[in-house]
Amino acid sequence: MALIRITSPHVHKPVNTAGIMRLVILATLPGLLAMTFFFGWGTLINIIWASLLAVTFEAICIKARNRPLYFYLKDYSAILTAVLIALALPPFVPWWLTAVAVFVAIVVAKQLYGGIGQNPFNPAMVAYALVLISFPLEMTRWTAPFMLQGDGWNILGFVDTLQLIFGGWSEHADAFTSATPLDVMRHRGGLTTEEAWRASDVLANVGAWHAVSAAYFMGGILLLYKKIFSWHTPAAVLISLGAMSTLFYVISPDTYADPFFHLTVGGTILGAFFIATDPVSSATSNKGKIWFGIGIGVLIFTIRTWGNYPDAVAFSILLMNLAAPFIDQYTQPRTYGHKAPNSGLKGKA
Amino acid sequence: MSKIFAFHGGIHPPENKKQSTRSPIRPAPVPAQLTIPIQQHIGAPAKPCVKTGDYVQKGQLIAKAQGRISVSIHASSSGTVTDISPKAVPHPSGLNAPCISIQTDGKDEWIDHQGLDDYRSVPKQTLIEYIRDHGIAGMGGAGFPTDVKLHLGDDHIVNTLIINAAECEPYITADDMLIRERAEQIVGGIEIINYLLKPTHILIGIEDNKAHAIRVLEDALRHTELNIDIIVVPTKYPSGGEKQLIRLLTGVEVPSGHIPADVGIVCQNIGTAAAINQAVNYGTPLISRIVTVTGGAVSKPQNLEVLIGTPINTLLETARINHDQLSRLVMGGPMMGYTIENDSIPIIKTSNCIIAATAEEMPPAPPAQACIRCGLCEQACPAELLPQQLYWFAKSKEFEKAKHHNLFDCIECGACSYVCPSNIPLVQYYRFAKNEIRAEEAEQRKADQARLRFEARQARLEQDKVDKETRRKERAAQAAAAQAIKKTTLETAQTNPEDQIKQLKTAAAVTRTKLKKALSALEKAKAESSDDIAQLDLQYKQAEHAAEEAQTALEAAEKGALVSAATSNAPDIKQLKTQAAVARTKLKKAQQALKMAEEKGHDGVETLRATVAELETKAANAQQAFADAEASNSSSGAASQSSAMLQEAADKALQTLQKAEAALATAIENNSPAADKMQAGVEKLKSKYTEALSALQDNAKTQQPSIQQATGQQAIERKPIDLKALKQNVSIMRTKLKKAEKLLEATDENSAEASELQQEITRLTQLHQEAKAQLDAEEAIRIKAAAAQGIDLKQLKIDAALARAAATKLQRSIKKEQESEQNNLDALQAELITAQQQADKLTHTLSQFE
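Residues numbered from 1 in each chain as written. Chains lettered and ligands numbered in written order. Predicted model: local features only at pLDDT ≥ 70, side-chain atom pairs only at ≥ 80, totals over all residues. Heavy atoms only, no water.

(A) Summary view of the packing of helix α1 (residues 124-133) of chain B against helix α6 (residues 270-282) of chain B. Residue and element names in this part refer to chain B. Interaxial distance between α1 and α6 falls to 10 Å at its minimum, and their mutual angle equals 110°. Here α6 runs roughly perpendicular to α1, going by the angle between their axes. Pair α1 / α6 crosses with right-handed handedness. Only I276, A279 and V280 of α6 make contact with α1, whose side of the interface consists of L127, Y130 and I131. Taken together, the residues of the contact of α1 with α6 sort by class into six nonpolar, no polar and no charged. (Axes fitted to C-alpha atoms, helices over the stretch in contact; angles between N-to-C directions. Helix = DSSP H or I, 4+ residues; strand = E, 2+ residues; numbered from the N terminus. Parallel < 35°, antiparallel > 145°, perpendicular 65-115°, else oblique. Left-handed = near helix turned anticlockwise from the far one by under 90°. Contact = heavy atoms within 4.5 Å. Nonpolar A, V, L, I, M, F, W, Y, C, P; charged D, E, K, R; others polar.)

Next up, the structure:
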């Protein structure tokens, strides 16, 4: 009888990494739908294009590193990274910008560090930050939620969008470009928030952004329900950002945007649920995740309000990625039967 | 209903329990061959008390418990012992262990047995012994001897008795079926445990997936007067883990590194309770147990009452095994059980389940993917650890960090491995890390012991060497004293050139030996690439120099003996003086080297220390030899000489005193912590000075008559100077010297104080030696006087010294004997007393002449 010899446990929960990644990708669907509904085909085209590039770059790297190709490709992690990059980029960025971003994410930020599980920074955010700094013009070409205007689908159809992305920028498209609400709020000159709200037609259309955030929120709740991540990080991000903005809004409503604006505009919800929760680059313990999230929330508000960039989710997450190993040292949970948690590098032996 | 206190983590694997609860418990057939391991429990293996060929009856004792933590083993059926030898046993290691094999005769014939009529009438200790003799060990899985848990010391007061019926592992239903069918046995067992432990309350923890068993248990408990609470806990693995169940039922956590009894809780498996009942009330030893035989590869999964020692294949056949489908054979549950590769392995007291799994049921684990730190393991860990961090630490062998993350609180329940989406065998990593750490610690302990042994031996050898050297020095001193007598009795102011040459020869030989030692030390140091090679090199060169000098001196003396009429021995004295000075310098250097080495905490410190001690005696010797020579040279002018010496001593004492006072003043100014000590030192020095002055005065008083007498005869009969005072003087000087040295060690070596102290030490050393020389001179005179009376004072002294040495030696050997706890202590003690008496007598006689 050929019996195998294996140590316990002998049963395994039917979960795997690929399944988790697929579920996260699935959870971005409401957000994608909302983006497409308000901003046209651009995001969808970018997702497909970025995914193709991501798989290609991943495959090349895995081959170059002499690893089993299929074994690593099938974990869907590259595609998830591509999806997150495409969702974060403005809908009509040129094709080469997406390619640069995906290259940086997959090759530089992930594979050069040793592949899946080894990257200290979130690859999508490294890529986003890099293209944001390198190509500020292209990265600010957001559009107004033009789909809301009459026969939106005819204004910029699927083919037009393809031409715009792969053919090059046309004068025709300039008609649709617009600043984001965060841009408007940041660069409103001497206006008070009240005046800005009245003066800007971008802010008048802020409802589209709220709707997109709501869609991402739904996806995030699905993942929470499925226990893909714990509530600690997103809750800490949102609560700290909310508290921070409420505090300043109460002090001076004319100078600072209201908390609802901060929470629902820009990348806050996408970042809190889909990017800050990236387990590889975040803190480990529940306690650590709370500190990690608080750091992100505070940094988002700080950079948005006093920094040079209108949105700050990518920078905040990268900065906290940097702090995660440190947070881990001081946030061990209290083990069963111990009076207090250990902390620090070694502590009492 | 009591409150339930949830524990962190836990998982919900598929239960797979229904399959084996459809049919009642059936007895398994008696196999043709029983294989009974002599160790089925935690602790010492039982000792077989039958031999091959013996006929044994069912229930007969075949192996007896050995030591405190152990239980007895009994024959499960009647038959003949065929073999006592190592066989394959159920153990994760797959190793063989000694087993008693019994060829059954099919009669299944019981030995006479009966329970206790009323266990309440026997002393508790007897009852506990009874349980131990009936082979009861924990039946939940670990197999801890039950009597030990029932026999707690007075320092453990049991508040809560917990009966563990959680049975949280999937597949296993042995406890479930036991409750359903034999609840009254369980209640009987609980009553016995209650009688022994007297807990304030009793809780039965059971998972909510055993509704039938809960009902039966509730019914059974109506007939007991005990206040027992059944606490139904949610089905979640590992709620049956002892620590987890305790938390669930009481909210108390067992502190890390402690046992439940430390917090007033005792946990017993429900099967153990039934076994206790059977043993105490019916006299039935633990020879059978209920085993769940289940898994996809058996077509009739069920619970069987199995005789201990029955091979697993018997059970598999009973449950209709399908060999083609069998891919994995697990003993225990799927979470913590272990695979067995051989189906002839026997069932033992702790075997609660056999899973004959198909490949679909328990597929081979897919290759592990990279950890993405998803944290699912952390959410599942019932010990509230960070499994993924532990995994990274184990993988990179950062064991210190793993320990810091409480690796040893891991209960290896497997929940983390179960949930890991990357299929990482986490538990294996923890087992690996734990074993590595344990091995490392054992290695460290061993190394420490070896080092201690080595150091002790080294110290002993050094001590022997020093003792030998001291004895040799004593003899040499006596010889020198004898020499002095000879010289004085000859009444010539000459030194016998032959003797002198002899002395110089010895000196040359000694320096040569020293040279060799220094060389070997140097080589050793080089071989060990030690830090103080330079120091040793210097020492070696000095020793070489000394050897050359001694050799030259010897040669010169030999020549001089041939040529000169040796009317004057002044040059010899000079040479001796130089020798003494050289020896002192060497000593100082060695002391410095020692200090440096001590500061560095270097390994060679012991050797250096010994060298310093040696050099110290040597320096003293040289000084003594010099003093002897001088004394004998000027025996006629001894009185004036000693007066001059005393004058000198007084002067020096005064100087020392002044310097010390100055040093003290500085120390007080600087608020030095050594100031107090120095103050005391100054006081001592003051008294010393006064003493020296008074000695001088005394001497001056006695000088007049002694000079008169000396003109008449030799100085032999002059009025003796108080020898005791001189001796005291010497010893005081020595103490002072030592104190100053200690003080120096205590002070910062770079401070001005230190250098001042260093100077003072040098001065004190001289003073001490001078005082000693004076004493020696006096003694020499006395010896002569004694010789004139016809008593061999020298012999007497040697005898006394020998007697003392013998006594000391005996004392030491007695100490050794005491340490090694041997029996000839009394004899040695008696010998010691005789030796001491002898020594006392001789010392007394000697003191009459001194």
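(B) Structural view of the side chain of B:Q369. One can find B:Q369 in the loop between β17 (353-358) and α8 (376-380). By relative accessible area, which is 13% here, B:Q369 ends up buried. If sequence neighbours within four positions are ignored, B:Q369 has contacts with A:T17, A:F71, A:D75, B:P421, B:S422 and B:I424. (Buried < 20%, exposed > 50% of the residue type's maximum accessible area, 1.4 Å probe, protein only.)

(C) The arrangement of the packing of aromatic side chains in detail. Going through the model one piece at a time under the given rule, you end up with 25 aromatic pairs over all chains. Judged by centre distance (5.6 Å) and plane angle (65°), the rings of B:Y119 and B:Y195 are edge-to-face. Placement of the pair is B:Y119 in the loop between β8 (96-104) and α1 and B:Y195 in helix α3 (residues 174-197), with a sequence separation of 76 residues. B:Y195 shares its class with B:Y119; the two are buried. An aromatic cluster is defined as three or more aromatic residues linked by ring pairs; in this entry it consists of A:F248, A:Y256, A:F301 and A:W306. (Phe/Tyr/Trp six-rings, centres within 6.5 Å; stacked < 30°, edge-to-face > 60°.)

(D) Structural context of unusual backbone geometry. Residues and elements named next belong to chain B. Omega for the bond connecting Y237 with P238 falls within 30 degrees of zero, at 0°, which places this linkage in the cis form. With respect to the helices, strands and loops of the structure, P238 is situated in the loop between β11 (228-233) and α5 (242-250). Even without being a glycine, R320 presents a positive backbone phi close to 60°. Relative to the helices and strands, R320 is located in the loop between α7 (312-318) and β15 (326-331). Phi at K397 takes a positive value of approximately 55°, unusual for a residue other than glycine. Structurally, K397 can be placed in the loop between α9 (387-395) and α10 (399-404). What makes K397 exposed here is its relative accessible area of 53%.

(E) Representation of the packing of α1(B) against α3(B) in the model. Residue and element names in this part refer to chain B. Relative orientation of the contacting elements α1 and α3 amounts to 135°, with a least axis distance of 10 Å. Taken together, the axis directions place α1 and α3 in an arrangement best described as oblique. Between α1 and α3 the crossing geometry is left-handed. Judged by residue contacts, K124, L127, I128 and I131 of α1 engage I192, Y195 and L196 from α3. Split into classes, the residues belonging to the contact of α1 with α3 amount to six nonpolar, no polar and one charged.

(F) Quick look at the pairing of β15(B). Residues and elements named next belong to chain B. Along β15, six of the six residues are buried, which leaves the element largely enclosed by surrounding structure. Bridge count for β15 against β17 is five bridges, and the pairing is antiparallel. Residue pairing across strands places M331 opposite I354, the latter belonging to β17. Pairing between β15 and strand β16 (residues 338-339): two bridges, direction antiparallel. (Pairing = 2+ DSSP bridges.)

(G) Main features of a positive patch on the surface. All names here are of chain B. A cluster of basic side chains, namely K684, R734, K738, K739 and K742, defines a positive patch on the protein surface. Of all the elements, helix α19 (residues 723-746) adds the most residues to the positive patch, at four residues. Its location among the elements puts K738 in helix α19. (Patch = residues over 30% accessible without salt bridge, like charges linked within 9 Å, V, L, I, M, F, W, Y side chains within 5 Å. Areas by Shrake-Rupley, 256 points an atom, 1.4 Å probe, with all protein chains shown as cover. Salt bridge = Lys/Arg side-chain N within 4 Å of Asp/Glu carboxyl O. Lys, Arg positive; Asp, Glu negative; His and termini not counted. Charge placed at Lys NZ, Arg CZ, Asp CG, Glu CD.)

(H) Up close: the side chain of B:H74. Within the fold, B:H74 resides in strand β6 (residues 73-74). Aside from chain neighbours lying at most four places away, what touches B:H74 is B:I36, B:G59, B:Q60, B:L61, B:I62, B:D133, B:H134, B:G135, B:P285 and B:I287.

(I) Broad picture of a nonpolar patch on the surface. Residue and element names in this part refer to chain A. A cluster of nonpolar side chains, namely W95, F158, V159, L162 and F166, defines an oily patch on the protein surface of about 440 Å² accessible area. When residues of the nonpolar patch are assigned to their parent elements, the largest contribution, four residues, is made by helix α10 (residues 158-167). With respect to the secondary-structure elements, W95 resides in helix α6 (residues 95-110).

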